[in-house]
Amino acid sequence: MNAPAVSIVLPAKNEGRSLAALLPRLKRVAATLGRSAEIIVVDDGSDDDTRALCAAEGVRCVSHPYPSGNGAAVKTGARAARGEILAFLDADGQHEPELIAQLLAKLDEGYDMVVGARSAGADHAGMHRFAANAFYNWFASMMVGRPVADLTSGMRVVRADKFRRFMYLLPNGFSYPTTITMSFFRSGYPVAYVPIPVHARTGRSHIRLVRDGLRFLIIIFKIGTLYSPLKLFVPLSAAFFATGLGYYAYTYLNYHRFTNMSAVLFITSILVFVLGLLSEQITMLNFKDTDR
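What counts, and where the lines are drawn
- Residues numbered from 1 in each chain as written.
- Predicted model: local features only at pLDDT ≥ 70, side-chain atom pairs only at ≥ 80, totals over all residues.
- Heavy atoms only, no water.
- Salt bridge = Lys/Arg side-chain N within 4 Å of Asp/Glu carboxyl O.
- Helix = DSSP H or I, 4+ residues; strand = E, 2+ residues; numbered from the N terminus.
- Buried < 20%, exposed > 50% of the residue type's maximum accessible area, 1.4 Å probe, protein only.
- Pairing = 2+ DSSP bridges.
- Right-handed = clockwise from strand over helix to strand, strands pointing away.

## Description of the pattern of salt bridges
Going through the model one piece at a time under the given rule, you end up with eleven salt bridges. Of the charged contacts in the structure, one is a salt bridge between Lys 27 and Glu 57, with a shortest N-O distance of 3.4 Å. Linking Lys 27 in helix α1 (residues 16–31) with Glu 57 in helix α2 (residues 50–57), this pair joins segments that are 30 residues apart in sequence. Here Glu 57 falls in the partly exposed class, since its relative accessible area comes to 24%. The salt bridge partner of Lys 162 is Asp 161, with a shortest N-O separation of 4.0 Å. When its relative accessible area of 12% is taken as the criterion, Lys 162 is described as buried. When salt bridges with common partners are traced through the structure, they connect Asp 112, Arg 159, Asp 161 and Lys 162 into a single cluster.

## What about the pairing of strand β1 (residues 6–12)?
Burial of β1 is extensive: seven of the seven residues sit out of reach of the surface. Both faces of β1 are covered, namely the face carrying Val 6, Ile 8, Leu 10 and Ala 12 and the face carrying Ser 7, Val 9 and Pro 11. Alignment of β1 against strand β2 (residues 37–44), held across seven bridges, turns out to be parallel. Within the sheet, the bridge partner assigned to Leu 10 lies in β2 and is Val 41. For the segment spanning β1, α1 and β2, crossover handedness is right-handed. As judged from the four bridges shared by β1 and strand β4 (residues 85–88), these two strands associate in the parallel manner. Counted as the bridge partner of Ser 7 is Leu 86 from β4.

Here is the structure:
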């Protein structure tokens, strides 16, 4: 049996209500892509009728024996996929599967990953979620040196061989989109964004703003420092140096002396900078055998 050109992967946890309407649409989309395609639903330990729905629609379902997280489901789907291109979308009804063709057309222009970017008014989770996503996008853009239009979008198409190079970095929970996006940017793989509409999800969201928001920030720091440590260490070093200089100016003008606190701040600035240089050298050694 010939391998399909595209593997459409849907991580799903208790999304039976949404899948009942989504799977027939996905099958029609797969039949009209102009290239062979397979559909894989990764059941992340659901206790609803997800597996029965997949069987009724003749869709391949890979199941976890217990909930392992969205990222774990994505990795399972990527391992099970046979296509040269992976197409990911959420199983909660937010994404229009008909847009996969548009993302694939953009990928054919020479990109390694194309992400469906939600517009400012498309986030149905409220203003607090929109503000958080805007901050993540800005912070990630600063770390990778490229505009990041939507850091956490779950709809994207990507070349399978490139995606699998970074699977060891992907967290089992949220957010795999954050990790894979920053990994591609920092490795020099071309990424494009295509604006997409997003509908209100079916059912309850599994994301918690504070808990997962902190995880997103940690992931951004982790990936940013993994690929470009000086992006973080240089501003930190400069902040310590500027604070030490300001404190020294204050104590000199008022007391005509150089204090221990100023010395500590200057030394800390030097140590942070040297630590950044060492981290940068280690990063270069880690990627000396890669093609980018």
